[in-house]
Amino acid sequence: MAAKTLFEKIWDAHVVRTEPDGTTLLYVDRQLVHEVTSPQAFEGLKLAGRKPRRPGATLAVPDHNVPTTDRKLGIADPVSAKQIRTLEENCRDCGITVFGMNDVRQGIVHVIGPEQGFTLPGMTIVCGDSHTSTHGAFGALAFGIGTSEVEHVLATQCLLQTKPKTMEIRVDGTLSERCSAKDVILAIIGKIGTAGGTGYVIEYTGSVIHALTMEGRMTLCNMSIEAGARAGMVAPDDKTASYIKGRPMAPTGDLWEQAVKAWRALPTDSGATYDKTVELRAEQVAPQVTWGTSPGMVTGVDGMVPDPKAMPDDRARKATERALEYMGLAPNMPITQIAIDKVFIGSCTNSRIEDLRLAASFAKGRKVAKSVHAMVVPGSGLVKKQAEQEGLDKIFQAAGFEWREAGCSMCLAMNADVLQPGERCASTSNRNFEGRQGAGGRTHLVSPIMAVAAAVEGHFVDIRNWK
Amino acid sequence: MQPFTTHTGLVAPLDRVNVDTDQIIPKQFLKTIKRTGLREGLFYDWRKRKDGSPDPDFFLNQPRYQRATILLTRDNFGCGSSREHAPWALLDQGFRCVIAPSYADIFYNNCFQNGILPVVLKTDEVQALFKGVSKEGYTLTVNLDAQTVTTPDGATYRFDIDPFRKDCLYKGLDAIGLSLQHDSAIAAYEKRRSSEAPWLFTDLAAR
């Protein structure tokens, strides 16, 4: 049998039929649903008189619009409230499991899938959300889709797909102390660009990737879409199985044994080839900070804001000038001199328990600078509960961070957590687009501990030699 | 879905790279539960100046582009979020076709679901069209069957497209209806797969 990559094994196992031009009807094992990209899909189903094919293969949760303050007060914005109510009604009508806003299991869709054991290796997983790539950390083929495709999967449990190409991104060497998966993925995006992965599925390989925890791998795969790739994956190993074992929706008994056996056969065969390979040395990865309005506009914290005048390419120069104007930054300014107003620790990139433990260990005994407003938004109700059992909430609060309820929050500011025009934020989220965290807001993407250090000092600091 | 055969329309230029879907339609317009009426959100933040007044330099605020149906733009158009509200808003504004050197994958897919044709031309061809569009009233003819874009002076550029997507768009086919025609193939797949990998078929409702 021909040697296959992890991606090819999963793809081949899900082909229902293929059109003459290669367009494939691909079977979808799991769909995650949230309130923003699903109402029109459910409406379309109803209008066509169709029903979900496998309602039990779908899990729904409201996350984008939910308030992160006291939920007993309900949702102040009636339009947000209606969207969440619509999700709950649609799921009830269709027999789909939904974790409501006041369910302790509620949280960001890409946090709760893995947390519940809904996400498993070898699966095809989709969601009307580009950060579905997160689930690739488990050795699943997981990618974001549009609302019409959400409806397509509900009705048929399948999707029409063109087969993507494969890209290996190999990271070997030793990461500096205090550098994390977030710094690795930002460095990768800086290297290949925000369209570098377009048309590809990325498989991350190499010693650094294998050494990452499952939550680190989720951070990594999460931002594959910021490199243009719809999906990113890491081969499943013993760490993957241990993470899943015993979770509420994970297989048990005989099924567990069968599943684990199948997962062992998933990693890329020796001799299999990728359409493209990119290599990165971990020693070259400094703690990363974005300076512009696209995730590829990134540099090490020991670097400087670039000078558009030094750029030979006309369009790159124009884009940089525009970004610096929006960001209110001067060329050649050291990154460590950038002062910030807000800090946001959260999002589907960095809001899991390990992120919060690490962030708390750096916040412990320190104080958020007077000029800074800082908040921590756990990824799910269960992450929040776990953190509180470990006393992390008290550490954050003593340091001057706000401790909030779970949700997407200021990653995209659809709820009340919004930057004001001109405000500058150190954020552990995934997008620094213009207006992403609020119209006129300025976002710098960083790792959780870089965010903590920035909160304490009031400006970016090189975490490698911080106190 | 409205079929796309041949379309002749006024061209509007958006001379920026990496236009993300947060710019095409910002978050506050995603709270709707409908597909229609999204034109007011299209490029919302870019239409305004800092004081909130309309920016006369932005193309959508200029009378000459009000009836444009073809959007001409640069690399990696539609990157970022998967929101289908982006093509919905473009369609609501009247755009039936986008021309660019490259697109983000999810946006590209989403266009086909809504009767919008995303044409990929070479960078220098797009550059030539940008030159042409500086002339007021500049129109292009896009022929899906022939896979060509023709300028007013008769220059013709050919583009590639997957045959299956082309056929669906050309006929305005309902993709779900097409897949449902293969219901027995789907059922056969499920039967085979559930014996090979039964842990994938323990559905939530059955718990």
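Conventions and cut-offs
- Residues numbered from 1 in each chain as written.
- Chains lettered and ligands numbered in written order.
- Predicted model: local features only at pLDDT ≥ 70, side-chain atom pairs only at ≥ 80, totals over all residues.
- Heavy atoms only, no water.
- Helix = DSSP H or I, 4+ residues; strand = E, 2+ residues; numbered from the N terminus.
- Buried < 20%, exposed > 50% of the residue type's maximum accessible area, 1.4 Å probe, protein only.
- Contact = heavy atoms within 4.5 Å.
- Areas by Shrake-Rupley, 256 points an atom, 1.4 Å probe, with all protein chains shown as cover.
- Core = buried A, V, L, I, M, F, W, Y, C linked by side-chain atoms within 4.5 Å.
- Pairing = 2+ DSSP bridges.
- Axes fitted to C-alpha atoms, helices over the stretch in contact; angles between N-to-C directions.
- Salt bridge = Lys/Arg side-chain N within 4 Å of Asp/Glu carboxyl O.
- Phe/Tyr/Trp six-rings, centres within 6.5 Å; stacked < 30°, edge-to-face > 60°.
- Buried area = accessible area lost by both parts, 1.4 Å probe.
- Polar contact = N/O pair within 3.5 Å; in protein donor to acceptor, adjacent residues only side chain to side chain.

A.B. asks: Would you mind going over the overall build of chain B in detail, with residue names and values included?
C.D. replies: Helix and strand content of chain B: eight helices and seven strands. Counting every position in chain B, which comprises 207 residues, the buried fraction comes to 57%. Once local pairs closer than 6 in sequence are excluded, the contacts in chain B between residues at least 24 apart make up 66%. Accessible area of chain B: about 8,700 Å², with a carbon and sulfur share of 49%.

A.B. asks: Give a description of the nonpolar core that names residues and reports values.
C.D. replies: The biggest cluster of nonpolar side chains holds 109 residues, and the ones touching the most others in it are A:Phe401, B:Phe43, B:Phe77 and B:Ile99. A per-element tally of this core places helix 15 (residues 448–457) of chain A first, with eight residues. Discounting chain neighbours no more than four positions away, the residues touching B:Ile99 are B:Ile70, B:Leu71, B:Leu72, B:Thr73, B:Val119, B:Leu121, B:Val126, B:Leu129, B:Leu140 and B:Val149. Listed in part, the 101 residues of the second largest apolar core include A:Val28, A:Val33, A:Ile125 and A:Ala229.

A.B. asks: How would you summarise the sheet that holds strand 2 (residues 70–73) of chain B if you had to cite specific residues and measurements?
C.D. replies: Residues and elements named next belong to chain B. The mixed open sheet is built from seven strands, whose spatial order is 4-3-2-1-5-6-7. Edge positions in the open sheet fall to strand 4 (117–120) and strand 7 (156–158), since each of these has one partner strand only. The average undirected angle you get between the axes of adjacent strands in this sheet is 30°. Direction of pairing for strand 3 (residues 97–100) relative to strand 4: parallel, over a ladder of four bridges. Bridged to isoleucine 99 within strand 4 is valine 119.

A.B. asks: Quick one: what's the story with the pattern of salt bridges, residue by residue and with numbers?
C.D. replies: The final tally for this structure, using the stated rule, is 38 salt bridges over all chains. With its nearest N and O atoms 2.8 Å apart, the salt bridge here joins A:Arg17 to A:Glu19. With relative accessibility at 27%, the residue A:Arg17 sits in the partly exposed group. You can call A:Glu19 buried: its relative accessible area is 19%. One network of salt bridges, with partners in common, ties together A:Arg53, B:Asp183 and B:Glu190.

A.B. asks: Describe the packing of aromatic side chains, naming the residues involved and giving the relevant values.
C.D. replies: In the structure shown here, the tally under the stated rule is 18 aromatic pairs over all chains. With a centroid separation of 6.3 Å and an interplanar angle of 25°, the aromatic rings of A:Tyr27 and B:Phe201 are classed as stacked. With one member in each of two chains, A:Tyr27 in strand 2 (residues 24–27) and B:Phe201 in the segment after helix 8 (183–196) form a pair that bridges those chains. Of the two residues examined, A:Tyr27 and B:Phe201, each falls in the buried class. When the ring of B:Phe43 is compared with that of B:Trp46, the centres are 6.0 Å apart and the planes differ by 0°; the resulting orientation is stacked. A relative accessible area of 0% means that B:Phe43 is categorised as buried. In this structure an aromatic cluster arises from ring pairing among B:Phe43, B:Trp46, B:Phe58, B:Phe59 and B:Tyr65.

A.B. asks: Mind laying out the interface of chain B and chain A, listing which residues take part and the relevant values?
C.D. replies: One frequent convention defines the size of an interface as the accessible area lost when the parts assemble. Residue-level contacts link 62 residues of chain B with 83 residues of chain A. Between chain B and chain A the total buried area reaches about 6,000 Å² when both faces are included, carbon and sulfur atoms providing 54% of it. One can count nine salt bridges joining chain B with chain A. Linking chain B with chain A are 35 residue pairs in polar contact (both at pLDDT 80 or more), by the criterion used here.

A.B. asks: Go over the side chain of A:Ser294 with me, naming the residues and quoting the values.
C.D. replies: In this structure, A:Ser294 sits in the loop between strand 13 (288–290) and strand 14 (298–300). Residue A:Ser294 is classed as buried on the basis of its relative accessible area, which comes to 10%.

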